[in-house]
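For reference, the chains in residue letters:
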Amino acid sequence: MSKNVKYLLYFLAFDAVVAGAWLGLKALKGGGAAAVVDWVTIDEGYAPRNPVEEFIKNDAEVRSALPVEIRNYGRDKKILARFKGRQFAQPTENVLRMFFKGLDDWMVVDIKYKNDKERDVQRTMLYVLAASRWTVGDTGTLLK
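Residues numbered from 1 in each chain as written. Predicted model: local features only at pLDDT ≥ 70, side-chain atom pairs only at ≥ 80, totals over all residues. Heavy atoms only, no water.

### Section: the overall build of the chain
For clarity, the cut-off: In DSSP terms, a helix is any run of H or I states spanning at least four residues, a strand is any run of E spanning at least two, and both are numbered starting from the N terminus. Using C-alpha atoms as the atom set, the radius of gyration is obtained and then compared with a globule rule of 2.2 Å times the number of residues to the power 0.38. Burial classification: accessible surface area is computed with a 1.4 Å probe over protein chains only, and a residue below 20% of its type maximum counts as buried, one above 50% as exposed, and the rest as partly exposed. By the convention used here, residues are in contact when the closest approach between their heavy atoms is within 4.5 Å. Exposure was quantified through the Shrake-Rupley algorithm and a 1.4 Å probe, taking into account, for residues, occlusion by the shown protein chains and nothing else.
Regarding its fold elements, the chain presents four helices and six strands. For the chain, the C-alpha radius of gyration of 22 Å lies well beyond 15 Å, the compact-globule estimate for 144 residues. With the principal axes as the frame, the chain shows a C-alpha extent of 80 × 35 × 25 Å. When each of the 144 residues of the chain is scored for burial, the buried share is 33%. For the chain, the share of sequence-separated contacts (at least 6 apart) that also reach a separation of at least 24 residues comes to 55%. In the structure as shown, the chain presents an accessible area of about 10,000 Å², 56% of it carried by carbon and sulfur atoms.

So this is what it looks like as structure tokens:
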């Protein structure tokens, strides 16, 4: 074999080792997809598991929109990185701290309900706990 072909083979072998090591480290760090979360139906008899679910249930009762289906991702940073809303596009926790002074907690929740025209509506909500009060921080969708 010529000298150039040998160098090319060494270079390709080195690239394969580096790419394999990078993919292996990414897999060890948990670089995969976020955990799958099931839909939960909130109706009159549902017992909320956290303040955000209670907030959603009370709001739906006031609007006469029960039942409402939710998928609560909690504080999943991978989901937050996929969130695209009106104010934020793929934010980090540090970005949320800059915009919401005194940020104590946050949560991402998918909500599905029927509007007054009986059309299905689905949106992703970013809830934030700032100044001891849960509020809607942004509304949007999750990127694939």
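### Brief notes about the environment of Glu118
Structurally, Glu118 can be placed in the loop between strand S4 (103-114) and strand S5 (120-130). Glu118 sits in the exposed class, given a relative accessible area of 57%.

### A few points about the layout of surface pockets
As a reminder, the rule being used: In this analysis the probe radius is 1.4 Å and the grid spacing 1 Å, with only protein atoms considered; a cavity is a set of points the probe fits into but cannot get out of, a pocket is an open set with protein on both sides within 12 Å along at least five of seven lines, and lining residues have an atom within 4 Å of a point. Grid points are joined across faces, edges and corners, and a volume is the space filled by probe spheres set on the points. Ten residues, namely Ala, Val, Leu, Ile, Met, Phe, Trp, Tyr, Cys and Pro, are considered nonpolar, four, namely Asp, Glu, Lys and Arg, are considered charged, and the remaining ones, Gly among them, are considered polar.
The space that makes up the largest pocket amounts to roughly 410 Å³. Residue lining of the largest pocket: 18 residues in total, with Asp59, Arg63, Ile111, Tyr113 and Arg123 positioned closest to the centre. Every element with two or more residues in the lining of the largest pocket is listed here: helix H2 (51-62), S4, S5 and strand S6 (133-142). Looking at the lining of the largest pocket, the element that brings in the most residues is H2, giving four residues. Looking at side-chain class alone, the lining of the largest pocket contains 10 nonpolar, three polar and five charged residues. Here the second largest pocket defines a volume of roughly 160 Å³.

### Some words on the nonpolar core
The condition that has to hold: In this description, a nonpolar core means a group of buried Ala, Val, Leu, Ile, Met, Phe, Trp, Tyr and Cys residues linked to one another through side-chain atoms lying within 4.5 Å.
In terms of nonpolar packing, the biggest core is built from 16 residues, with Val52, Ile56, Val68, Ile70, Val109, Ile111 and Tyr127 touching the most fellow members. Those elements giving two or more residues to this core turn out to be H2, strand S2 (68-74), S4 and S5. Beyond its immediate chain neighbours, meaning those up to four positions away, Ile70 contacts Asp38, Trp39, Val40, Ile42, Glu53, Ile56, Val109, Asp110 and Ile111. Ranked by size, the runner-up nonpolar core spans 13 residues in total, among them Phe88, Phe100, Trp106 and Leu126.

### A look at the pattern of salt bridges
Rules: Whenever Lys or Arg places a side-chain nitrogen within 4 Å of a carboxyl oxygen from Asp or Glu, that contact is recorded as a salt bridge.
Within the structure shown, the criterion is met by eight salt bridges. Between Glu93 and Arg75 there is a salt bridge; the shortest N-O distance is 2.5 Å. Here the residue Glu93 occupies a position in helix H4 (residues 93-99), and Arg75 occupies one in the loop between S2 and helix H3 (77-82), the gap between them amounting to 18 residues. When the shortest N-O distance is used, the salt bridge between Arg97 and Glu93 registers 3.2 Å. Within this pair, Arg97 and its partner Glu93 are both found in helix H4, separated by four residues, close to a single helical turn. Exposure remark for Arg97: the relative accessible area of 42% places this residue in the partly exposed category. Of the residues examined, Glu93 reaches a relative accessible area of 12% and is grouped as buried.

### Notes on the packing of aromatic side chains
Test applied: Here a pair means two rings of Phe, Tyr or Trp (six-membered ring of Trp) with centres within 6.5 Å. Their orientation is stacked below 30 degrees between planes, edge-to-face above 60, and tilted elsewhere. Comment: the charge-over-ring label is applied if NZ (Lys) or CZ (Arg) is within 6 Å of the ring centre and within 35 degrees of the ring normal.
As enumerated under the stated definition, the model contains three aromatic pairs in all. Ring geometry for Phe55 versus Tyr127: centroids 5.9 Å apart, planes at 75 degrees, classification edge-to-face. Here Phe55, found in helix H2, pairs with Tyr127, found in strand S5; they are 72 residues apart in sequence, far enough to count as distant. Overall, Phe55 belongs to the partly exposed group, its relative accessible area being 35%. Relative accessible area serves as the criterion here: at 3%, Tyr127 is assigned to the buried category. On the numbers, 5.1 Å between centres and 85 degrees between planes, the contact of Phe88 with Phe99 is edge-to-face. One end of the pair, Phe88, is in the loop between strand S3 (83-85) and H4; the other, Phe99, is in helix H4, and 11 residues separate them in sequence. Taken together, Phe88, Phe99 and Phe100 form an aromatic cluster joined through their ring pairs. Here the basic side chain of Lys112 rests over the ring of Trp39, its NZ or CZ set 4.2 Å away from the ring centre.

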